[in-house]
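Each chain is listed here by its residues.
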Amino acid sequence: MLLPPELIDRIDTARAERAKVRERDLAAAIGLAEAHLLAAEVGRGGVQRIEADPGRLIPLVSALGEVLALTRNESAVHERRGTYQDFRAGEHAAMVLGEEIDLRIFPRHWVHGFAVTKETEHGPRRSLQVFDAAGDAVHKIHLGEGSDAAAFDRLVEALRLPDDAPFALSERAPVEPARANPAKLEILRQEWAGMTDTHQFLILTRRLKFNRLGAYRAVGAPWALPLPLTAVSDALVQAAAAGTKIMIFVGNMGCIQIHSGTVHRIQPMGPWQNVLDPRFDLHLRQDHIAECWLVKKPTKRGDAISIEAFDKEGMLILQMFGKRAEGETDTADWDALARGLVAAEVA
């Protein structure tokens, strides 16, 4: 067993008392990490530990066929159906660049891996689940009716770890609050204006001792403007109505998942705003949004305009951009939509 018997008993009791509660919510309710719940099942059937290294895992995932990719943080869940294609390995960063499943992967946070098979009245449900050092979910892959179950079995056999391989979770790293360096503010503004690629932004802010939110708060117009807390929801509704092509980024420390294209069915449910499309779902806790910003970053192809939402601790929840067609620079429809949200706030 990976966990002490008394901890397993505690988890079993909680499962029996809260049979319909989702794993993440169940773990939070009893003060554990989500990975604890799977660790409790290892050796008792249905859960097998596997290597989490994306350089080994993702190439084998490609053979599964169509699956559901899921990446989330505390406030947003991003689900995309498709196949894992065009994997680009990297020691510090890796990518999946398929037409539907589009990921940015940070391998050092892919620490604990599990292959899960749950028996249900509709047959076995299979998934691959990866967690960081603290036991928080980094990325999950759920097989569906059209997935290749035999390829799943081959993957598990290739990546299988002994049930008693060392398993320990570390403390969750605290969220860094907004950080600014007033002495370098003018340099930030000057060099921001000279950017030619959005990827230069984090390099710039890190060098000048700002972080993302600290830079937005400090830099001011025309680069960062505050938006109403409803801006993400408003943008989704307007983009759906107009057929505007957008990009939606949701991530955590280990993975960022991207949807590119239109959205259609926008459905609020309690505190959640949802996109419920055939190939893409988004679930956003609107009540977690504490700050929202309109951000402009210069690039060689024109300004990249984004809407970005943060929670009360300063954690990035979600980013939205306009989707450029291949070889084109025009995101005028999105730019007008996003800027209109600023005008609405001013009004």
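### Here we look at the overall build of the chain
Then, number 1: In terms of regular secondary structure, the chain is built from ten helices and 18 strands.
Then, number 2: For 347 residues, the compact-globule formula gives about 20 Å, and the C-alpha radius of gyration of the chain, at 21 Å, lands near that figure.
Then, number 3: For the chain, buried positions account for 50% of its 347 residues.
Then, number 4: Intrachain contacts of the chain at a sequence separation of at least 6 include 60% that bridge at least 24 residues.
Then, number 5: Within the structure as shown, the chain displays about 16900 Å² of accessible surface, and the carbon and sulfur contribution to it stands at 52%.
Then, number 6: Distance between charge centroids for the chain: 3 Å, based on 42 positive and 48 negative side chains.

### Side note on the sheet that holds strand S12 (residues 255-261)
Whenever strands of a sheet pair, they do so through backbone hydrogen bonds, lying parallel or antiparallel.
Then, number 1: The antiparallel open sheet is built from nine strands, whose spatial order is S4-S5-S6-S12-S11-S18-S17-S16-S10. Strands with a single pairing partner mark the edges of an open sheet, and in this sheet they are strand S4 (87-88) and strand S10 (224-226).
Then, number 2: Of the pairings in the sheet, the one linking strand S16 (residues 291-297) to strand S17 (residues 304-310) comprises seven bridges and is antiparallel in character. Pairing of Lys296 across the sheet is with Ile305, part of S17.

### Observations regarding the pattern of salt bridges
Then, number 1: Overall, the coordinates contain 22 salt bridges when judged by the stated rule.
Then, number 2: A salt bridge links Lys140 to Glu34; its shortest N-O distance comes to 2.4 Å. Here the residue Lys140 occupies a position in strand S9 (residues 137-143), and Glu34 occupies one in helix H3 (residues 34-39), the gap between them amounting to 106 residues. One exposure class covers both Lys140 and Glu34, and it is buried.
Then, number 3: The partner of Glu176 in a salt bridge is Arg179, with the nearest N and O atoms 2.6 Å apart.
Then, number 4: Here Glu176 falls in the partly exposed class, since its relative accessible area comes to 39%.
Then, number 5: Exposure remark for Arg179: the relative accessible area of 31% places this residue in the partly exposed category.
Then, number 6: Taken together, the shared-partner salt bridges connect Asp12, Arg15, Glu23, Glu41 and Arg44 into one network.

### Some remarks on unusual backbone geometry
Then, number 1: Note that the residue after Ala221, namely Pro222, is joined by a cis bond; omega there is 5 degrees.
Then, number 2: Residue Asp86 is not a glycine yet carries a positive backbone phi of 55 degrees.
Then, number 3: Structurally, Asp86 can be placed in the loop between strand S3 (76-82) and S4.
Then, number 4: Assessed through its relative accessible area of 38%, Asp86 is described here as partly exposed.
Then, number 5: Unlike most non-glycine residues, Lys209 shows phi in positive territory, near 65 degrees.
Then, number 6: Mapped onto the elements of the fold, Lys209 is located in the loop between helix H7 (200-207) and helix H8 (212-219).
Then, number 7: What makes Lys209 exposed here is its relative accessible area of 54%.

### Some remarks on the packing of aromatic side chains
Then, number 1: Within this structure, the stated rule accounts for eight aromatic pairs.
Then, number 2: A centroid spacing of 5.9 Å and a plane angle of 80 degrees characterise the contact between Phe114 and Phe131, whose relative ring orientation is edge-to-face. Within this pair, whereas Phe114 is found in strand S7 (residues 112-120), its partner Phe131 is found in strand S8 (residues 123-131), the two being separated by 17 residues in sequence.
Then, number 3: Among the residues examined, Phe114 registers a relative accessible area of 0% and is labelled buried.
Then, number 4: For the ring pair Phe114 and Phe167, a centre distance of 6.4 Å and an interplane angle of 70 degrees mean the geometry is edge-to-face. Of this pair, Phe114 sits in strand S7 while Phe167 sits in the loop between helix H5 (149-159) and helix H6 (185-193), placing them 53 residues apart in sequence. An identical accessibility class is assigned to Phe114 and Phe167; each is buried.
Then, number 5: In this structure, Arg285 is placed above the aromatic ring of Trp272, and the distance from its NZ or CZ to the ring centre is 5.6 Å.
Then, number 6: The ring of Phe201 has Lys297 sitting right over it, with the charged end atom 4.8 Å from the ring centre.

### With respect to the nonpolar core
Then, number 1: Of all hydrophobic cores here, the largest spans 30 residues; its most connected members are Val232, Leu236, Ile248, Ile307, Met320 and Trp334.
Then, number 2: Contributions of two or more residues to this core are made by helix H9 (231-242), strand S11 (246-251), strand S15 (280-285), S16, S17, strand S18 (316-322) and helix H10 (332-346).
Then, number 3: Counting residues in each nonpolar core, the second largest holds 27 residues, with Leu64, Val96, Leu103 and Leu159 among its members.

### Thoughts on the pairing of strand S1 (residues 47-50)
Then, number 1: Residue alternation in S1 divides its side chains into two sets, Val47 and Arg49 and Gln48 and Ile50, and both sets are buried.
Then, number 2: By the bridge criterion, four bridges tie S1 to S7 in an arrangement that is antiparallel. Bridge assignment links Arg49 to a residue of S7, and that residue is Phe114.

### Focus: the packing of H6 against H7
Then, number 1: As a packed pair, H6 and H7 sit with axes 11 Å apart at the nearest point and diverge in direction by 160 degrees. Classified by the angle between their axes, H6 and H7 sit roughly antiparallel to one another. Pair H6 / H7 crosses with right-handed handedness. For the pair formed by H6 and H7, the contact residues are Leu188, Glu191 and Trp192 on the first element and Phe201, Leu204, Thr205 and Arg207 on the second.
Then, number 2: Looking at the contact of H6 with H7, its residues break down into four nonpolar, one polar and two charged.

Calculation rules
Residues numbered from 1 in each chain as written. Predicted model: local features only at pLDDT ≥ 70, side-chain atom pairs only at ≥ 80, totals over all residues. Heavy atoms only, no water. Helix = DSSP H or I, 4+ residues; strand = E, 2+ residues; numbered from the N terminus. Rg over C-alpha atoms; globule rule 2.2 N^0.38 Å. Buried < 20%, exposed > 50% of the residue type's maximum accessible area, 1.4 Å probe, protein only. Contact = heavy atoms within 4.5 Å. Areas by Shrake-Rupley, 256 points an atom, 1.4 Å probe, with all protein chains shown as cover. Lys, Arg positive; Asp, Glu negative; His and termini not counted. Charge placed at Lys NZ, Arg CZ, Asp CG, Glu CD. Pairing = 2+ DSSP bridges. Salt bridge = Lys/Arg side-chain N within 4 Å of Asp/Glu carboxyl O. Phe/Tyr/Trp six-rings, centres within 6.5 Å; stacked < 30°, edge-to-face > 60°. Lys NZ or Arg CZ within 6 Å of the ring centre and 35° of its normal. Core = buried A, V, L, I, M, F, W, Y, C linked by side-chain atoms within 4.5 Å. Axes fitted to C-alpha atoms, helices over the stretch in contact; angles between N-to-C directions. Parallel < 35°, antiparallel > 145°, perpendicular 65-115°, else oblique. Left-handed = near helix turned anticlockwise from the far one by under 90°. Nonpolar A, V, L, I, M, F, W, Y, C, P; charged D, E, K, R; others polar.

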